[in-house]
Amino acid sequence: MKRPDGRVVITPTLLALSATLSATVALTLATPASAQSTDPIKIGVIAEAQAVAGASIPQAAQLAADEINAKGGVNGRKIEIVSYDNHSSAAESVRAFQRAANEDHVNAVIASYISEVVLALEPWTGRLKTVMVTPGAASDVITQNIAKDYDNLKYTFHGYLTSTSLAEQVCSAAQDLLVKDLHMKTAVVMSEDAAWTTPLDAEYVKCLPQIGLKVLDHIRVSPDFTPIYNKIEGEKPDVMITGISHVGVQPTVQWKQQEVPIPMLGISSQATNSSFWNDTNGAVEGVLYQGVSGPDVAVTPKTLPFVSAFKQKYGNFPSYCGYTAYDEVYYIADAISRAGSTDSDKLVDAMEKTDYVGTIGRVQFKGKDSPNPHALKVGPDTITGLMLQWQDGKQVNLWPAGVANGKLKFPKFIKVGSAD
Amino acid sequence: MLFWQILIDGFAISSLYALGATGFALIFGVSGVLNLSHGALMVAAVVAAWAAGNDLHVGPYAGAALGVVVGLAASLLTYFLIVRPLQSSRKIRQEEKEIFILTATLLWGIMIQELIAYFYTNNAKTVAPIVQGVVSLAGVRTPSNEIFTAVVCWLVIGVLWLLVNRTRAGKAVLAASMNPRGVTLLGIELSQVYIAVWAIYGVLVGVAGVLLGMFLGVSSYSVGPLTASAFSIVVLGGLGSVSGALIAAYVVGYLETLTAYLISPAYRTIPALLLLVAVMYVRPRGLLGRR
């Protein structure tokens, strides 16, 4: 049976369907029952289990819990990880958070690498008085919100670098690798359109001129990069400074297919995944990206033992948020131990005093009076970050010099310095 | 320079749209089915081609072939598992079947999408390109893969045209799209025609998917947008009209490319959608719609 207006009949069906799908879940705001001293300590993990970056979060958290439990737990209490797959959706994350706090009575939550998701969860940390640490979101707004409403939002901790810190690390690395070594003078900033790149770009535009790279243009991009690369090529910069995460594959593949002769350096979150070479069929060759970890890079004495334990247990390498999630379980456990309680307010006090050497460096949080309370401190004494490059299917670390295990090398189609 | 860039880029993407939408239009024209699992079938073909290269370590040709085979298999599975049982059901009233099939294919697409995300993550995958490198076309450095994409798309569309217009089976398909009752009166089993159409559709979906995978890469998130893009092209061209879909594919492809180059890539899809709305008002049957 065909109808002359086949498309008209769709509307009610889709409407009905979406109405069913979006049926709201009623909330019960129960007070968490106070835990007995022998009960396990529960840590909820809300993560993007279907994404390469997110899949490592519950796995690494479980690994840390197993290790702590094998050594007797925290003051005799075992750690139990309760995982929730959020399907990369903010709405599902909020439901998972409510369930974690109200039904499963978790003592703390580790949540998400997507800034939009963490920003949606943040008010709920105050409403449900539950400590949350993010292993991978970057937006500075997360901690700026804490500064504005400390009493309510003090339960949120930023367990990964803020976008501003990321940009600062990119600038430091670019100064050594591009300005000092290759005498580059100009750059175009190219970032995806998302919450985390707004502060990233602002810092790029500020710090690049300070290290001697003039910013010729600043482009916010969408999935189609062909016109963008043509435009950037016309501006003849020495380098493209990137801020790409969620759209990672397309810009990388188009860069290679079009043989854009300008190197890329900056944040390319998906390039930190060991599977990215296969996902792009090697198009990532030569891409420079900031990371907090890399294969065979002993950032701290804990890094390589963690990587090998993870590889042994799960058969693949952890993503960047695997490292941070692993550390987070350890320092949450440490804070509970120091607080002598799982009471959220006492836990916040103890978390603020965290001084823990983890897999990516030394973890300390910025104080209440900082413009970014509960953001990680960065710098030579805490977390420096790395600048890595994909070379022949391998992630090679180039910066800082002390932990470098390779030399800068570009694919043939890149013409260094020919632009000016 | 900019003119040539837009012309070349727009041609490649439009050809891909044309191939993707042709199958979608064919299915609707012949059997009245709007297959909302279209995007999911395409993504399944891409992921199969990708997995063949990375897990089975086969070459780009074998990988692409496997992708097309999976597109074909997924299409036939959709027909036999989802569409045919609903079409032949006696429990559903005839006039409601269209809605049932629409909903069922939509849900089927979501199931495929979730399965892909579960087994292969929701990160984007690219298929190893068969041709690499760049060539200079009118001063524009063009990836050879872009030319390859356009050529293959037109070869496949050409073969399809020959099949429909020059073979007996193809003529039966064409006849069925004009008058299903008349075809049965000629002694042609309509269900055989449907199977043939779904098989052709499967190959088209497979080829379009694999080419898209080589060109831009896709993830499980691409399922919705791919279905939506085929759907709007087909509505614009006129539901059921294959030649309308071809023209509409180029209108949409060039409109998007023009927007991307002259305004901003961020607004790339907006003018095409506005055009679609305008066509709905002025000419609801689309550019070449017959009904």
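Residues numbered from 1 in each chain as written. Chains lettered and ligands numbered in written order. Predicted model: local features only at pLDDT ≥ 70, side-chain atom pairs only at ≥ 80, totals over all residues.

## Here's the deal with the pairing of strand β4 (residues 131-134) of chain A
Residues and elements named next belong to chain A.
Part 1 of the argument: Because side chains alternate across β4, one face comprises the buried residues Val 131 and Val 133, and the other comprises Met 132 and Thr 134, equally buried.
Part 2 of the argument: As paired strands, strand β3 (residues 108-111) and β4 are joined by three bridges and run parallel to one another. Its bridge partner being in β4, Val 109 is matched across the sheet by Met 132.
Part 3 of the argument: Chirality of the crossover, the property in question, places the unit of β3, helix α4 (residues 115-127) and β4 among those that are right-handed.
Part 4 of the argument: With three bridges connecting them, β4 and strand β5 (residues 156-158) associate as parallel partners. Bridge pairing in β5 links Val 133 to Phe 157. (Buried ≥ 20, exposed ≤ 12 C-beta atoms within 10 Å, placed from the backbone. Helix = DSSP H or I, 4+ residues; strand = E, 2+ residues; numbered from the N terminus. Pairing = 2+ DSSP bridges. Right-handed = clockwise from strand over helix to strand, strands pointing away.)

## Overview of the interface of chain A and chain B
Part 1 of the argument: With 35 residues of chain A in contact, the opposing surface of chain B contributes 35 residues.
Part 2 of the argument: Looking at the side of chain A that touches chain B, the elements with two or more residues in it are α1 (10-21), α2 (52-70), α9 (226-235), α10 (249-257) and α11 (276-279) of chain A.
Part 3 of the argument: Residue classes in the side of chain A that touches chain B are distributed as 14 nonpolar, 14 polar and seven charged. (Contact = placed C-beta atoms within 7 Å. Nonpolar A, V, L, I, M, F, W, Y, C, P; charged D, E, K, R; others polar.)

## A look at the domain arrangement of chain A
All names here are of chain A.
Part 1 of the argument: With domains assigned, chain A is organised as domain 1 (41-161 + 299-363) and domain 2 (164-291 + 385-403).
Part 2 of the argument: With centres defined by C-alpha atoms, the gap from domain 1 to domain 2 works out at 28 Å.
Part 3 of the argument: For the side of domain 1 that touches domain 2, the elements supplying multiple residues, two or more each, are α2 and α4.
Part 4 of the argument: Tallied by class, the residues present in the side of domain 1 that touches domain 2 amount to ten nonpolar, four polar and two charged. (Domains from an automatic or database assignment.)

## Digging into the nonpolar core
Across soluble globular proteins, you tend to see nonpolar side chains buried next to one another.
Part 1 of the argument: Ranked by size, the top nonpolar core spans 223 residues in total, and within it Ile 43, Ala 61 and Val 329 of chain A together with Ala 44, Ala 45, Val 46 and Val 234 of chain B carry the most contacts.
Part 2 of the argument: Here this core gets 15 residues from one element, more than from any other, and that element is helix α8 (residues 190-215) of chain B.
Part 3 of the argument: Structurally, this core is a two-domain feature, drawing no fewer than three residues from each of domain 1 (41-161 + 299-363) and domain 2 (164-291 + 385-403) of chain A.
Part 4 of the argument: Setting aside chain neighbours within four positions, we find Ala 45 of chain B in contact with Gly 67, Val 68, Val 70, Gly 71, Val 205, Gly 206, Gly 209 and Val 210 of chain B. (Core = buried A, V, L, I, M, F, W, Y, C linked by C-beta atoms within 7 Å.)

## Details of the packing of helix α1 (residues 2-31) of chain B against helix α9 (residues 223-237) of chain B
Residues and elements named next belong to chain B.
Part 1 of the argument: Closest axis-to-axis distance for the α1/α9 pair is 9 Å, and the angle between their directions is 70 degrees. If you check the angle between α1 and α9, you find them roughly perpendicular. Considering only the axes of α1 and α9, their crossing is right-handed. Two secondary-structure elements touch here, α1 through Tyr 17, Gly 20, Ala 21, Phe 24, Ala 25 and Phe 28 and α9 through Ser 229, Ala 230, Ile 233, Val 234 and Gly 237. (Axes fitted to C-alpha atoms, helices over the stretch in contact; angles between N-to-C directions. Parallel < 35°, antiparallel > 145°, perpendicular 65-115°, else oblique. Left-handed = near helix turned anticlockwise from the far one by under 90°.)

## Structural notes on the sheet that holds β3 of chain A
Residue and element names in this part refer to chain A.
Part 1 of the argument: Across the sheet, five strands lie side by side as β2-β1-β3-β4-β5; this open sheet has parallel pairing. Edge positions in the open sheet fall to β2 (79-85) and β5, since each of these has one partner strand only. With strand direction ignored, the average angle separating the axes of adjacent strands in the sheet is 20 degrees.
Part 2 of the argument: Sheet contacts for helix α14 (residues 344-352): β3, β4 and β5; angle to β4, the most-contacted strand, approximately 40 degrees.

## Topic: the sheet that holds strand β7 (residues 214-221) of chain A
Pairing between sheet strands relies on hydrogen bonds along the backbone, with the strands arranged either parallel or antiparallel.
Residues and elements named next belong to chain A.
Part 1 of the argument: As summarised here, the arrangement of the seven strands in space is β7-β6-β8-β9-β10-β13-β14, forming an open sheet in which the pairing is mixed. Each edge of the sheet is formed by a strand with only one pairing partner; in this case those strands are β7 and β14 (394-399). Here the strands of the sheet are splayed against their neighbours by 25 degrees on average, with no regard to which way each runs.
Part 2 of the argument: The pairing of strand β9 (residues 264-268) with strand β10 (residues 288-291) spans two bridges and is classified as parallel. Bridged to Gly 266 within β10 is Tyr 289.
Part 3 of the argument: Its contacts with the sheet place helix α8 (residues 197-211) against β6 (186-192), β7, β8 (239-244) and β9, and it is angled at close to 175 degrees to β6.

## Regarding unusual backbone geometry
Glycine aside, a negative phi is what most residues show, and trans is what most peptide bonds show.
All names here are of chain A.
Part 1 of the argument: A cis amide bond links Trp 399 to the next residue, Pro 400, at an omega of -5 degrees.
Part 2 of the argument: One can find Pro 400 in the segment after β14.
Part 3 of the argument: Although it is not a glycine, Lys 236 adopts a positive phi angle of roughly 50 degrees.
Part 4 of the argument: Relative to the helices and strands, Lys 236 is located in the loop between α9 and β8.

## Concerning helix α6 (residues 168-178) of chain B
All names here are of chain B.
Part 1 of the argument: Listed as buried for α6 are Ala 172, Val 173, Ala 176 and Ser 177. Buried residues of α6 fall within an arc of 140 degrees about the axis and therefore sit on the same side. Residues Arg 168 and Met 178 are exposed on α6 and point more than 90 degrees away from its buried face.
Part 2 of the argument: Each element contacted by the buried residues of α6 is listed here: α1, α5 (144-166), α7 (180-185) and α8. (Arc of directions from axis to C-beta.)

## Regarding helix α5 (residues 141-148) of chain A
Part 1 of the argument: Listed as buried for α5 of chain A are Val 141, Ile 142, Thr 143, Asn 145 and Ile 146 of chain A.
Part 2 of the argument: Buried residues in α5 of chain A make contact with α4, α6 (150-153) and β5 of chain A.

## Some details on the environment of Lys 256 of chain A
All names here are of chain A.
Part 1 of the argument: Mapping Lys 256 onto the fold places it in helix α10.
Part 2 of the argument: Classification of Lys 256 by C-beta neighbours within 10 Å gives buried; the count is 23.
Part 3 of the argument: In sequence terms Lys 256 and Thr 186 are 70 residues apart; their C-alpha atoms lie 21 Å from each other.

## Some words on the confidence of the model for chain B
All names here are of chain B.
Part 1 of the argument: Residues with a pLDDT of 70 or more make up 99% of chain B, whose mean pLDDT is 90.
Part 2 of the argument: Within chain B, the element-level pLDDT minimum falls on α7, averaging 82, and the maximum on helix α3 (residues 60-87), averaging 96.
Part 3 of the argument: The ipTM, which scores confidence in the relative placement of chains, is 0.82 for this predicted complex, and the corresponding pTM is 0.84. (pLDDT = per-residue confidence, 0-100.)

## A look at the pairing of β10 of chain A
Residues and elements named next belong to chain A.
Part 1 of the argument: On β10, burial covers both faces: Leu 288 and Gln 290 on one face and Tyr 289 and Gly 291 on the other are all buried.
Part 2 of the argument: Pairing between β10 and strand β13 (residues 386-391): four bridges, direction antiparallel. Directly across from Leu 288, in β13, lies its bridge partner Gln 389.

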